[in-house]
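Listed below are the residues making up each chain.
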Amino acid sequence: MPTYNNRTRQIMRLIAALFVMLPLSPTNAYAGDDFGIWGEVQAEKKLSDRWSLGAGVEYRSRDNLKSTDRWSFGLEGNYQIARWLKATVGYTLLDDHHHNEHSSGTKYSDYWGIRHRFNVSLTGSVSWGKFTFSLRERWQYTYRPEKTAQLYETGTGADAGEHIYAGKGKNVWRNRVQVKLKLSSMFRPYVNAESWVAQELEKMRYNVGTELNLDQHHSFDIKYIYQHICTDGDSEPDRHVIGIGYTYKF
């Protein structure tokens, strides 16, 4: 088994390779695309052979690292229905940073707003040699409460009154296909693709990364994400993201 120093060197080499190979810099992105970093810290508790609970905090940046996109806190429960099938129920509290240009072009709003998100998913998986293939089907409902935001004049930033954003809910169906390779006890590289469908296909997200399992308690997830917007009312740009996650299991 490799020593801690050897493991540390392996991790550093992998991280360096990801930063060299992937388009991390905004100058390398396609014109109009955005770049951000997403960081997450999670804790998981195994209650029995079938039940487990998890909680986590996530931070996301945008505007080529110049702005915070959101903070979120999530809770989830997992139940292993069968060896190949897992059910998950989750809730996430999101605090989003909004910067909206109004249709007139003379006013804008810049504010933080809360959203409540609920999800239920089923994940089926099958192994073939060192590969694991999985399909996750997830229903997601997000509710945004009514929000009164301050308006400002474009160019001067002067006070321009207030605007009330009505509360609204949204249902989305998410589909994720993934392939993971058990390269060693430590490294588990993977690729996946996920779609967001409401009335129509809204966006696609592609991930390539690796899990780094240091021991039975500590693990990391390092990945590159490309998010392509198909049709989205929030007018998000396509986005290149580096994601770094840490999980503590107890």
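Student: Outline the overall build of the protein, listing residues and values.
Tutor: A count of helical and extended segments in the protein gives one helix and 13 strands. Counted from the first residue to the last, the protein has its helices and strands arranged as α-β-β-β-β-β-β-β-β-β-β-β-β-β. Expressed as a percentage of the 250 residues in the protein, the buried residues total 36%. Just so you have it, the protein exposes about 14,700 Å², and 58% of that area is on carbon and sulfur atoms.

Student: Go over the environment of Thr247, please, and point to the residues and values.
Tutor: By secondary structure assignment, the location of Thr247 is in strand 13 (residues 239–249). The spacing of Thr247 and Glu40 is 207 residues in sequence and 8.4 Å in space, taken between C-alpha atoms. Look past the residues within four positions of Thr247 in its chain and what remains in contact with it is Gln42, Glu44, His217, His218 and Ser219.

Student: Give a detailed account of the pairing of strand 2 (residues 51–62), specifying residues and quantitative values.
Tutor: For strand 1 (residues 34–46) and strand 2, the ladder comprises nine bridges, and the chain directions are antiparallel. Within the sheet, the bridge partner assigned to Ala43 lies in strand 2 and is Ala55. By the bridge criterion, twelve bridges tie strand 2 to strand 3 (residues 67–82) in an arrangement that is antiparallel. In the sheet register, Arg62 faces strand 3, and the bridge partner there is Ser67. In this structure, the hairpin formed by strand 2 and strand 3 is closed by a connection of four residues, where Asp63 is found at a positive phi of approximately 55°.

Student: Run through the environment of Gly169, naming residues and quoting values.
Tutor: Mapping Gly169 onto the fold places it in strand 9 (residues 168–181). When the C-alpha atoms of Gly169 and Arg117 are compared, they prove to be 9.5 Å apart, with 52 residues separating the residues in sequence. When sequence neighbours within four positions are dropped, the list of residues in contact with Gly169 reads Tyr141, Thr142 and Tyr143.

Student: An account of the pattern of salt bridges is needed here, citing residue identities and associated values.
Tutor: In this structure the tally under the stated criterion is 14 salt bridges. When the shortest N-O distance is used, the salt bridge between Arg60 and Glu58 registers 3.2 Å. The class of Arg60 is buried, set by a relative accessible area of 10%. In this structure, the salt-bridge partner of Arg136 is Glu194, at a minimum N-O distance of 2.9 Å. On the criterion of sequence distance, the pair formed by Arg136 in strand 6 (residues 131–144) and Glu194 in strand 10 (residues 187–197) is long-range, its members being 58 residues apart. The pair formed by Arg136 and Glu194 is uniform in burial state, with each residue classed as buried. Overlapping salt bridges bring together Asp34, Arg62, Asp63, Asp69, Lys203, Glu236 and Arg239 as one network.

Student: A description of the confidence of the model for the protein should follow, citing residues and the corresponding values.
Tutor: Across the protein, pLDDT averages 90, with 86% of residues at or above 70. Segment residues 19–29 is flagged for pLDDT under 50; beyond a separation of four residues in sequence, or across chains, it makes twelve contacts in the model.

Reading the values: the criteria
- Residues numbered from 1 in each chain as written.
- Predicted model: local features only at pLDDT ≥ 70, side-chain atom pairs only at ≥ 80, totals over all residues.
- Heavy atoms only, no water.
- Helix = DSSP H or I, 4+ residues; strand = E, 2+ residues; numbered from the N terminus.
- Buried < 20%, exposed > 50% of the residue type's maximum accessible area, 1.4 Å probe, protein only.
- Areas by Shrake-Rupley, 256 points an atom, 1.4 Å probe, with all protein chains shown as cover.
- Contact = heavy atoms within 4.5 Å.
- Pairing = 2+ DSSP bridges.
- Salt bridge = Lys/Arg side-chain N within 4 Å of Asp/Glu carboxyl O.
- pLDDT = per-residue confidence, 0-100.

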